[in-house]
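Listed below, chain by chain, are the residues.
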Amino acid sequence: MRIVLAPMEGLADAHLRRLITAQGGYDWVVSEFVRVVDRLYPDRVLYGDCPELAQGGRTDSGTPLRVQLLGSDPAAMAANALRVVELGSYGVDINFGCPSKTVNRRAGGAVMLKEPESLYRVVSAIRAALPKSVMVSAKMRLGFDDTSLMLDNAAAIESAGAGELTVHARTRMQGYAPPAHWEELGRIRQHINIPLIANGDICSVEDYHRCVAISGTPDVMLGRGAVRLPFLASQIRANQTQTTPWVQLAPLLVHFWQELSTTLSSKDRVGRIKQWVNYLRQAHPEAEVLWHSIRLEKCTQTIDGLLPRLESVAQGSCATAKQL
Ligand SMILES: Cc1cc2nc3c(=O)[nH]c(=O)nc-3n(C[C@H](O)[C@H](O)[C@H](O)COP(=O)(O)O)c2cc1C
């Protein structure tokens, strides 16, 4: 069983990657995508996007970081792939799943699933640029409009030399709408000889077991479920189905808030804490209470003032939005 923390642009930044991987259970984490157009980025841009590169390519807890690149220019993708590996990335992942219209208009992300040869060109250029010992992986969706090219795309990625394939079990048209189609992953797995990593809607230990049974692969990538439940990977490993008590989560939230002050403006910091609480409230009633106190808040001092009370909610001494 291998468990990977998903790339999530604008959500799983270096702060959240550090915090979630510190709870254990992850074999590696994939960075937010680095969008490659037609040139090699200077190192300062790569270090800015992936600060883990400055500490041996690992998060503070030692989880390896694999940089994800997005783009369709084989030469530029290969040049950046080589550089991130020289800087310490644990292999390179290639994004063939991004649904953004802006990205797709420029021939990057999921739109490439319309043309298996374009996947082949990018993967093989990167493979040729890197030492054999370095992992090249790709992440795709089931297709763009439909699944008609799903097996061809997976085969193109494998034959170009990728060593692992992660599949988000939806087409680009399906966006993020449930359900994820884990049964399609079983078809892909039977069609290729490289390991398949299942992704999409694995949000609990029960989901993990159902996904493994349906897809036939023990390897998974956790995205939004890991943001809602930061202990999810270690719970899957321990086969422990109870939700983590809020008393364990509240200190993480306090820590996150404090850490954000090291890199973000006040406005962005407030936005980020709200974003995480919005995810947490989908799994924790205490976060729902907190959400109602902060959702309209703009001021960092007010949130600073809430934090000691947040700890008391964790200890069970107050439980209503009014008390917060
Ligand atoms: C906010 C957000 C940002 C994302 N950014 C990326 C990205 O940078 N690269 C990528 O390959 N996938 C990205 N994804 C897709 C996720 O990695 C994952 O495939 C998807 O969320 C389904 O998995 P989940 O149901 O476990 O979240 C993003 C998803 C979300 C919600």
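Residues numbered from 1 in each chain as written. Predicted model: local features only at pLDDT ≥ 70, side-chain atom pairs only at ≥ 80, totals over all residues. Heavy atoms only, no water.

Positionally, Arg141 belongs in strand 5 (residues 136-143). At 2.9 Å, the side chain of Arg141 forms a polar contact with the backbone oxygen of Thr171. In this structure the side chain of Arg141 is engaged in a polar contact, spanning 2.7 Å, whose partner is the backbone oxygen of Gly175. (Helix = DSSP H or I, 4+ residues; strand = E, 2+ residues; numbered from the N terminus. Polar contact = N/O pair within 3.5 Å; in protein donor to acceptor, adjacent residues only side chain to side chain.)

Attention now goes to the nonpolar core. The nonpolar side chains of a soluble globular protein tend to be buried with one another. Grouped together as the largest cluster of nonpolar side chains are 99 residues, with contacts concentrated most on Phe96, Met140, Ile157, Leu165, Ile188, Leu222 and Trp276. For this core, the element with the highest residue contribution is helix 11 (residues 246-260), accounting for nine residues. Each of domain 1 (3-238) and domain 2 (246-314) accounts for three or more of the residues forming this core. In this structure, Trp276 is in contact with Leu16, Leu19, Val227, Pro230, Leu252, Leu253 and Phe256, ignoring residues within four places of it in sequence. (Core = buried A, V, L, I, M, F, W, Y, C linked by side-chain atoms within 4.5 Å. Buried < 20%, exposed > 50% of the residue type's maximum accessible area, 1.4 Å probe, protein only. Domains from an automatic or database assignment. Contact = heavy atoms within 4.5 Å.)

With respect to spatial proximity, 15 residues lie near the ligand, and among them Pro7, Gln68, Asn199, Asp201 and Arg224 are the closest. Note that an oxygen atom of the ligand is positioned 2.7 Å from one of the backbone N or O atoms of Asp201. A total of 610 Å² of accessible area belongs to the ligand in isolation, and the protein chains cover 90% of it. Classifying every residue of the shell around the ligand by side-chain character gives five nonpolar, six polar and four charged. (Near = heavy atom within 4 Å. Areas by Shrake-Rupley, 256 points an atom, 1.4 Å probe, with all protein chains shown as cover. Nonpolar A, V, L, I, M, F, W, Y, C, P; charged D, E, K, R; others polar.)

Right, let's get into unusual backbone geometry. In this structure, Pro179 follows Pro178 across a cis peptide bond, with omega equal to 0°. On the secondary structure map, Pro179 appears in the loop between strand 6 (164-171) and helix 7 (182-191). One non-glycine residue, Ala107, adopts positive backbone phi at about 65°. Along the chain, Ala107 turns up in the loop between helix 4 (101-105) and helix 5 (116-129). If you check the backbone angles, Asn239 has positive phi at about 50° while not being a glycine. Within the secondary structure, Asn239 is located in the loop between helix 10 (232-238) and helix 11. Since its relative accessible area comes to 48%, Asn239 is described here as partly exposed.

Enumeration over the complete set of coordinates arrives at two aromatic pairs. Note on Phe256 and Trp276: the rings are 5.0 Å apart at their centroids and 70° apart in plane angle, and the pair reads as edge-to-face. Taken together, the residues Phe256 in helix 11 and Trp276 in helix 12 (residues 266-280) connect sequence positions 20 residues apart. Comparing Phe256 with Trp276, the two get one shared label, buried. The ring of Trp257 is capped by Arg269, whose NZ or CZ atom sits 3.8 Å from the centre of that ring. (Phe/Tyr/Trp six-rings, centres within 6.5 Å; stacked < 30°, edge-to-face > 60°. Lys NZ or Arg CZ within 6 Å of the ring centre and 35° of its normal.)

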